[in-house]
Structures are given as C-alpha cells and as structure tokens.
Amino acid sequence: MTKAHAYLSINREDHNFIDAIGDELTKRLIDDPINLPAISNSLMILRSILASHFDHEESIMKEQKYPDCSKHKNSHDYIITLISSSISSLSQECQESPTELWLTLKKTLETHIKKYDDLLVLYLDTCP
Ligand SMILES: [Fe+2]
Ligand SMILES: [Fe+2]
C-alpha cells in the first residue's frame, strides 16, 4: 500500500470522526444552547483534531507534489481562524447565537471537503 493509499483510508476515518464531533455539537446546541463553556470546549476539541488532520493532509500534499497545495492550505488556515474567532465570540458579552456560529462553521467544513478534499482524493487515487 502506498502512502497516498494509506492516506485515503485515514482521511475517511478522520472525516467520519469529525462528522461525529459535529453531530455531538449539534445535539449539545439543541439540548442546552446556553451552556457556552460546553460548546466552547467542543469547538476547542474540534479545532485541535482538525489542526492535526490538516497537518497530515498538508504533509501528504507536499510529499506528492500536489499542484493546488497552497490554495488547499489557505482554506485550512481559514477554518482554524474561523473556529478561533467563534470561540472568542462565545466568551464575549454580545455573542452571536452559538447555533448560527456552528451552522456557518459546519457549512464551511462541508464546502471544504467538496471543494478541496475530494479533489485531493481524486489526485491521490491516480498516484502510483
Ligand atoms: Fe480533510
Ligand atoms: Fe483539507
């Protein structure tokens, strides 16, 4: 099994795990939308898992000389910044609704997967 093929299976597992955290966060927001510390804590866990997932993707992109590496990395950076600003806005007095913050973030993650990760997977599938 090549590194690229190993990556493909890890990537699917990571994405499923990230989805599961997202579902947990959605449930938490429905059950107790004013428990901001718990919501912030879930976002911090999500940020840390995503940061290591992104590092892994970026190292594979470099290794495989992926042509759209820098655009893909910019999107990763944007997502981490978005989560960090969501966490800080939850701790401020005039915070946006946590549900709105999460819906924006969830949509950004889904778009990232469709726009960047799926293309990377297609590229890696053609690598020897
Ligand atoms: Fe990914
Ligand atoms: Fe990605």
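Residues numbered from 1 in each chain as written. Chains lettered and ligands numbered in written order. Predicted model: local features only at pLDDT ≥ 70, side-chain atom pairs only at ≥ 80, totals over all residues.

### Overview of the overall build of the protein
Quick reminder of the rule: Labels follow the DSSP assignment, with helices taken as runs of H or I lasting at least four residues and strands as runs of E lasting at least two, numbered in each case from the N terminus. Think of it as a crowd count around each C-beta: if 20 or more other C-beta atoms lie within 10 Å the residue is buried, if 12 or fewer it is exposed, and in between it is partly exposed, with C-beta placed from the backbone throughout. Here contacts are defined at the residue level, using C-beta atoms placed from the backbone and a cut-off of 7 Å between them.
Looking only at helices and strands, one finds four helices and zero strands in the protein. Counting from the amino terminus, the protein carries its helices and strands in the arrangement α-α-α-α. Principal-axis analysis of the C-alpha atoms gives the protein an extent of 50 × 25 × 20 Å. Looking at the 128 residues of the protein, the share that counts as buried comes to 16%. Here the contacts in the protein between residues at least 6 apart in sequence split such that 74% fall between residues at least 24 apart.

### Considering helix α4 (residues 98–125)
We count it as follows: Expected helix span is given by 1.5 Å per residue-to-residue step, counting one fewer step than there are residues. Bend at a residue means the angle formed by two fitted axes: the first through the 7 residues ending at that position, the second through the 7 residues beginning there.
Spanning 28 residues, α4 covers 38 Å between terminal C-alpha atoms, matching the ideal 40 Å at 1.5 Å per step. The principal kink in α4, of about 35°, is found at I113. The complete set of buried residues in α4 reads P98, L101, W102, L109 and L120.

### Details of the nonpolar core
Heads up, the rule is: Note on terminology: a nonpolar core is a set of buried residues of type Ala, Val, Leu, Ile, Met, Phe, Trp, Tyr or Cys, with members joined through C-beta atoms within 7 Å.
Membership of the largest hydrophobic core is limited to 10 residues, which are L25, L29, I39, L43, L46, I79, I83, L101, W102 and L109. Elements with a minimum of two residues in this core: α1 (3–31), α2 (36–63), α3 (69–90) and α4. If you look at the next biggest cluster of nonpolar residues, it comprises five residues, including Y7, I60, Y66 and L120.

### Looking at the packing of α2 against α3
The line we're drawing: To get an axis, fit a line to the C-alpha atoms, keeping to the stretch in contact for a helix; angles then go from 0 to 180 degrees between the N-to-C directions. Each angle is binned into one of four classes, with values under 35 degrees roughly parallel, values over 145 roughly antiparallel, values of 65 to 115 roughly perpendicular, and all other values oblique. The handedness criterion is simple: a crossing whose near helix is rotated anticlockwise from the far helix by less than a right angle is left-handed, and one whose near helix is rotated clockwise is right-handed. Polarity classes work like this: nonpolar for Ala, Val, Leu, Ile, Met, Phe, Trp, Tyr, Cys and Pro, charged for Asp, Glu, Lys and Arg, and polar for all others, with Gly in that last group.
Put simply, α2 and α3 touch, their axes get as near as 10 Å, and they point 170° apart. Here α3 runs roughly antiparallel to α2, going by the angle between their axes. Here α2 and α3 pass one another in a crossing that is left-handed. When the residues that make up the contact of α2 with α3 are grouped by side-chain class, the tally is 15 nonpolar, five polar and four charged.

### Some words on the environment of L8
As for its position among the elements, L8 is in helix α1. Remark: the alpha-carbon pair of L8 and V121, spanning 113 residues in sequence, is separated by 6.7 Å. Apart from the residues within four sequence positions on either side, L8 is in contact with V121 and L124.

### Here we look at the packing of α3 against α4
Remark: α3 packs on α4, axes separated minimally by 11 Å, with the N-to-C direction vectors making an angle of 170°. Classed by the angle they form, the pair α3 and α4 counts as roughly antiparallel. Contacts between α3 and α4 involve H72, S75, I79, L82, I83, S86, S89 and L90 on the former and, on the latter, P98, L101, L105, T108, L109, H112, Y116 and L120. Along the lines of polarity and charge, the residues of the contact of α3 with α4 split into 10 nonpolar, six polar and no charged.

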